[in-house]
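Spelled out, the chains give:
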Amino acid sequence: MAARRAVRAAKDNPGDMKRARARVDAAKHELGERGPVWWHDGAPDLNQRMAKTSIYADWYAEVGGAAYLQPAACECCHFRC
């Protein structure tokens with residue numbers, strides 16, 4: 001968390017920002033959030049795939065596609081608040 005706070009604090013200093021982002025990247029690698037896949041469960045890697053072109057295409061079409069991902073209109077004003 002200190003690395004993320006450093007990013008926020010460095011917003012006006014490009015050099016500090018670069019160092020702070022490098023610290024965040026290093027932490028994410030250590031946590032396994034970035035870098036090579038460290039598990040092998042046999043499931044296909046669907047990271048960064050569109051639902052409509054993946055194995056979830058039928059489900060995505062059934063729930064309404066992109067409309068499913070949009071918040072419903074507000075009942076009080078009929079806009080998306």
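Everything numeric here is computed off the predicted structure, so don't read it as measured data. (Residues numbered from 1 in each chain as written. Predicted model: local features only at pLDDT ≥ 70, side-chain atom pairs only at ≥ 80, totals over all residues. Heavy atoms only, no water.)

The geometry of an aromatic ring pair comes down to the distance between the two centres and the angle between the two planes. On inspection of all chains with the given rule, the structure shows one aromatic pair. Note on Trp59 and Tyr60: the rings are 6.4 Å apart at their centroids and 50° apart in plane angle, and the pair reads as tilted. Taking relative accessible area as the criterion, Tyr60 reaches 15% and is therefore assigned buried. (Phe/Tyr/Trp six-rings, centres within 6.5 Å; stacked < 30°, edge-to-face > 60°. Buried < 20%, exposed > 50% of the residue type's maximum accessible area, 1.4 Å probe, protein only.)

Mapped onto the fold, Ala51 is located in the loop between α2 (14–31) and α3 (57–62). For Ala51, a relative accessible area of 26% translates into the label partly exposed. Ala51 sits ten residues away from Ala61 along the chain, and the two C-alpha atoms are 9.2 Å apart. Aside from chain neighbours lying at most four places away, what touches Ala51 is Tyr56, Ala57 and Tyr60. (Helix = DSSP H or I, 4+ residues; strand = E, 2+ residues; numbered from the N terminus. Contact = heavy atoms within 4.5 Å.)

This part is about the packing of helix α1 (residues 2–9) against α2. In contact at an axis separation of 8 Å, α1 and α2 are set at 155° when each is read in the N-to-C sense. Taken as axis vectors, α1 and α2 run roughly antiparallel relative to one another. The hand of the α1/α2 crossing is left-handed. Contacts between α1 and α2 involve Ala2, Ala3, Arg4, Ala6 and Val7 on the former and, on the latter, Met17, Ala20, Arg21, Arg23 and Val24. Partitioned by chemical class, the residues of the contact of α1 with α2 number seven nonpolar, no polar and three charged. (Axes fitted to C-alpha atoms, helices over the stretch in contact; angles between N-to-C directions. Parallel < 35°, antiparallel > 145°, perpendicular 65-115°, else oblique. Left-handed = near helix turned anticlockwise from the far one by under 90°. Nonpolar A, V, L, I, M, F, W, Y, C, P; charged D, E, K, R; others polar.)

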